[in-house]
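Residue-level structural notes
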Amino acid sequence: MDQSVLAIWVFLCLIGLLLNLSMVAGNAEGDALNALKTNLADPNSVLQSWDATLVNPCTWFHVTCNNENSVTRVDLGNANLSGQLVPQLGQLQNLQYLELYSNNISGRIPNELGNLTELVSLDLYLNNLNGPIPPSLGKLQKLRFLRLNNNSLNEGIPVSLTTIVALQVLDLSNNHLTGPVPVNGSFSLFTPISFANNQLEVPPVSPPPPLPPTPSSSSSGEMAMVRKERPGCLGKAEEMSPRLDSLMKALSL
Amino acid sequence: MAKSTIFFLLFLSFSVLLHNVTASDDIRCLQGLKDSFKDPNGNLNSWNFSNYSMGFICKFIGVGCWNDLENRVLSLSLPNMNLSGQLPDAFKYCSSLTTLDLSGNRFSGPIPSEICSWTPFLVILDLSNNSFSSSIPAELGNCTYLNKLMLNNNKLSGNIPPEISRLTRLKVLSVANNNLSGKIPPFSGLSDFEYGGNRHLCGGPLAKCG
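As the structure is a computational prediction, the values presented were derived from the model and not from experiment. Position labels on residues start from 1 in each chain and follow its written sequence. To read the labels, note that chains go from A and ligands from 1, taken in the order they are written. Whole-chain, interface and lining totals are the exception, using all residues; otherwise, since this is a predicted model, local features are given only for residues with pLDDT of at least 70 and side-chain atom pairs are given and counted only at 80 or more. Side-chain measures were taken over the full set of non-hydrogen atoms in the model, leaving aside hydrogen atoms and water.

1. Some thoughts on the overall build of chain A
From N to C terminus, chain A includes two helices and 13 strands. A total of 253 residues make up chain A; the buried ones form 40% of that total. Relative to all contacts within chain A whose residues are 6 or more apart in sequence, the contacts with residues 24 or more apart total 48%. Accessible surface area values rest on a Shrake-Rupley calculation with a 1.4 Å probe, where residue burial reflects the displayed protein chains alone. Accessible surface computed for chain A: about 13300 Å², of which carbon and sulfur atoms make up 58%. The secondary structure listing takes helices from DSSP runs of H or I that are at least 4 residues long and strands from runs of E that are at least 2 residues long, numbered from the N terminus. Burial classes follow relative accessibility: with a 1.4 Å probe on protein chains only, a residue under 20% of its type's maximum area counts as buried, one over 50% as exposed, and anything between as partly exposed. Contact between two residues is taken to exist if any of their heavy atoms lie within 4.5 Å; hydrogens are not considered.

This is the structure:
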């Protein structure tokens, strides 16, 4: 009699444990995203659908899942968000696209993002992020797009990034990065465009006649390459004034 | 009364000039290419400039942008589109271009010697399988960041300029099936190369010269 009662209790406990585990597993990614929501100010209510009581976050707007209900995309570009990122983002094991560009997000890039080994695109550009680029990002071997431009990131470019063979588009421009620019590994493909407007040590843009490239001593400091975003409005206006002059002359004013 | 009309006309002309002039460089680049290329199959029909919006050129066929928010061209891939004509200086407005693939078309004329001042940040240049003629410009040696240079299957003549052998990042080079001659300059660091199909080319991995 005692043994069968014991057996029933064990059985019930096991069921309870299993149910508990499945619920927790279903919610771990939701919890991670909810931690992000808690850390962000959201004046446009883009995260309104983010309901942590749901079994998984796959019905939330701006979240995409695969057919195993695991998060593959977070699309929150241009959403007027501010606040900070959270280390829990590193728990989204199947995440491929993290799109948080053009917001007002501050604080550091969490080291834990280096755990997102399925990541294909990391877009944090046009925010207020500070601190270093975590060397752990070198673990993201499937990364094709790494755009961290237009933030306030400082310190050096981690050499670990040169091991990411899949990297196609790198933009680190418009930050406060210092130190040398790696040219080995995947970085052979990247030009001064990717590094413009930092405090990096970059050799002169226009190379002298056949000389092996040496780390420049004479041109340390900020690279004098201005990216034409608002295409040289001033330059164009200067081009224009002679035309305006002749126009006015023609009208004899 | 006359003066106010004149001022109005002036204002109008000013705004027209201003519009053309503040059109982003890269838009000007693509517009120039479209005007310059002959496109009998209408492959560039998606290149529609009638409505400017954020990143609109990024949706054009063959155009890759640096990001979704800027009209800034990273790559141009127009292989096998039956395009012809010569390479125009409109390229100089695509100042952020790093990949140019025009392979498998019917482009002709010389490879412009100015190409590396127009687009100094080229990493991949693929002009293979066209009808480019005249010599390989020595000025290609100014494309400091070039990793891959494909010039095979054209009508190029003359020598391979030694300046190209000094490109420190060059890893892949093909000049096969042209009309090149003379001695192949010493390259180092090439992982992939093709020189065959040039009757009077010698040296390097080919037969010794003279």
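2. Brief notes about the sheet that holds strand S4 (residues 99–101) of chain B
Residue and element names in this part refer to chain B. When DSSP finds two or more bridges between a pair of strands, those strands are recorded as paired. Ordered in space as S1-S2-S4-S6-S8-S10-S12, the seven strands form an open sheet in which the pairing is mixed. At either margin of the open sheet sits one strand with a lone partner, and together these are strand S1 (63–65) and strand S12 (192–194). Averaged over all adjacent pairs, the angle separating strand axes in this sheet is 10°, with direction ignored. Examined bridge by bridge, strand S10 (residues 172–174) and S12 share three bridges and lie parallel to one another. Residue Ser174 lies in a different strand from S12, and its bridge partner there is Glu194. Angular values range over 0 to 180 degrees, each being the angle between N-to-C directions of two axes fitted as lines to C-alpha atoms, with helices fitted over their stretch in contact.

3. Details of the packing of aromatic side chains
For Phe, Tyr and Trp, rings pair up if their centres lie within 6.5 Å, where Trp contributes its six-membered ring, and each pair is then called stacked (planes under 30 degrees apart), edge-to-face (over 60) or tilted (otherwise). Summed over the entire model, instances satisfying the criterion amount to 13 aromatic pairs over all chains. In this structure an aromatic cluster arises from ring pairing among B:Trp47, B:Phe49, B:Tyr52, B:Phe56 and B:Phe60. By definition, being over a ring means that NZ of Lys or CZ of Arg is both within 6 Å of the ring centre and within 35 degrees of the ring normal. Taking NZ or CZ as reference, A:Arg73 lies 4.2 Å from the ring centre of A:Tyr97, over its face.

4. Overview of the pairing of strand S7 (residues 131–135) of chain B
Residues and elements named next belong to chain B. As paired strands, strand S5 (residues 106–110) and S7 are joined by three bridges and run parallel to one another. Looking at S7, one finds that Gly109 is bridged to Phe132. Strand direction decides the pairing type here: S7 and strand S9 (residues 155–158), joined by three bridges, are parallel. Its bridge partner lying in S9, Ser135 is registered against Ser157.

5. Focus: the sheet that holds strand S13 (residues 199–201) of chain A
All names here are of chain A. Strand order across the open sheet formed by seven strands is S1-S4-S6-S8-S10-S12-S13, with mixed pairing between neighbours. One side of each edge strand has no neighbouring strand; the edge strands of this open sheet are strand S1 (40–41) and S13. As paired elements, S1 and strand S4 (residues 82–84) share two bridges and run antiparallel to each other. Pairing of Ala41 across the sheet is with Ser82, part of S4.

6. A look at helix H2 (residues 25–36) of chain B
Between its first and last C-alpha atoms H2(B) spans 16 Å; for 12 residues at 1.5 Å apiece the expected length is 16 Å, and the two agree. The set of residues buried in H2(B) consists of B:Asp25, B:Asp26, B:Ile27, B:Cys29, B:Leu30, B:Gly32 and B:Leu33. Multiplying 1.5 Å by the helix residue count minus one yields the expected span of that helix.

7. Considerations on the pairing of strand S11 (residues 179–183) of chain B
All names here are of chain B. Relative to S11, S9 runs parallel, the two sharing two bridges. From the neighbouring strand, Gly158 faces S11, where its bridge partner is Leu180. Note that S11 and strand S13 (residues 200–202) share three bridges and pair parallel. Directly across from Gly182, in S13, lies its bridge partner Leu201.

8. So, the state of the cysteines
Any cysteine sulfur atom paired with another within 2.5 Å is treated as part of a disulfide. Following the criterion strictly, the structure yields five disulfides over all chains and no others. A disulfide bridge connects A:Cys58 with A:Cys65, and the sulfur atoms are separated by 2.0 Å. For the disulfide bridge between A:Cys58 and A:Cys65, the dihedral angle about the S-S bond is near -90°, and by the sign convention the bridge is left-handed. The disulfide that involves B:Cys58 links it to B:Cys65, with 2.0 Å between the sulfurs. On the sign convention where negative is left-handed, the bridge of B:Cys58 and B:Cys65, at about -95° about the S-S bond, is left-handed. There is no split in this pair, since B:Cys58 and B:Cys65 are both buried. Each bonded cysteine of chain B is numbered by sequence order, and under that numbering the disulfide pairs are 1-4, 2-3, 5-6, 7-8.

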